[in-house]
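# Tertiary structure, described
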Amino acid sequence: MEKTNVMRLLDAKKIRYEGFSYPPEITDGEQVAAQLGEDAHTVFKTLVTVSDKNEHLVFVVPVCASLDLKSAAKAANVKSVAMIRQRELEPLTGYIHGGCSPIGMKKRFRTFIDVSAESLDSIFVSAGKVGHQIKISPNDLADYVGAVFVPLC
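Residues numbered from 1 in each chain as written. Predicted model: local features only at pLDDT ≥ 70, side-chain atom pairs only at ≥ 80, totals over all residues. Heavy atoms only, no water.

Spatial strand order, S4-S2-S3-S5-S8: 5 strands in an open sheet with mixed pairing. Both edges of this open sheet fall to strand S4 (81–83) and strand S8 (148–150), since each of them pairs with a single strand only. Averaged over all pairs of adjacent strands, the angle between their axes in this sheet comes to 35°, without regard to strand direction. Sheet analysis places strand S2 (residues 44–51) next to strand S3 (residues 56–62), joined by 7 bridges and oriented antiparallel. Within S3, the position partnered with Thr46 by the bridge is Val60. Most of the contacts of helix H5 (residues 138–145) go to strand S5 (residues 110–114), to which it runs at about 165°, and overall it touches S5 and S8. (Pairing = 2+ DSSP bridges. Helix = DSSP H or I, 4+ residues; strand = E, 2+ residues; numbered from the N terminus. Axes fitted to C-alpha atoms, helices over the stretch in contact; angles between N-to-C directions. Contact = heavy atoms within 4.5 Å.)

The structure is reproduced here in structure tokens:
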């Protein structure tokens, strides 16, 4: 399996994970979960937003759920958040749409993980490249990226 930068970063910190790949033409999160043979509640997507204070924030939520923007704003203690434009994603994070990981962005942003992850032994997130996922402990992920668990969906 091809090592992504996300995997190399985790290896350097000796954080346990398991890598998976799937056909890169699959872009729907629920289809990715099905391809991995996993429940869609355990596969998470990484969403990048901008607040009313022009602060970029990262939210990690199950692929089968939608980010509640009001809950996201409340979690970040801001008035409002909005999704960034897709064309802004790569210059800001270094990742393209469909391959955005909460790990290894160009800059560290405040990150929030949906509380549903906290009760799981492991979750799947993008490995930083379309067609690649990692399975990781949600607590290890939160510790590594400095995230907190909050209700987001």
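A separate point is the side chain of Thr46. Tracing the backbone shows Thr46 in strand S2. Judged by relative accessible area, which is 11%, Thr46 ranks as buried. In this structure the side chain of Thr46 is engaged in a polar contact, spanning 3.4 Å, whose partner is the backbone oxygen of Cys100. Setting aside residues up to four positions removed in sequence, Thr46 forms contacts with Val58, Phe59, Val60, Cys100, Ser101, Pro102 and Met105. (Buried < 20%, exposed > 50% of the residue type's maximum accessible area, 1.4 Å probe, protein only. Polar contact = N/O pair within 3.5 Å; in protein donor to acceptor, adjacent residues only side chain to side chain.)

As a further point, take the pattern of salt bridges. Scanning the entire structure with this criterion turns up 4 salt bridges. Between Glu2 and Lys129 there is a salt bridge, with the nearest N and O atoms lying 2.6 Å from each other. Taken together, the residues Glu2 in the segment before helix H1 (5–12) and Lys129 in the loop between strand S6 (123–126) and strand S7 (132–136) connect sequence positions 127 residues apart. Of the charged contacts in the structure, one is a salt bridge between Arg110 and Glu55, with a shortest N-O distance of 2.8 Å. Of the two residues, Arg110 is situated in strand S5 and Glu55 in the loop between S2 and S3; the sequence distance between them amounts to 55 residues. (Salt bridge = Lys/Arg side-chain N within 4 Å of Asp/Glu carboxyl O.)

Turning to the packing of aromatic side chains, a few remarks are in order. Per the counting criterion, the structure on display carries 2 aromatic pairs. For the pair Phe59 and Phe112, a centre-to-centre distance of 5.2 Å together with 20° between the ring planes defines the contact as stacked. Separated by 53 residues along the polypeptide, Phe59 in strand S3 and Phe112 in strand S5 bring together distant segments of the chain. (Phe/Tyr/Trp six-rings, centres within 6.5 Å; stacked < 30°, edge-to-face > 60°.)

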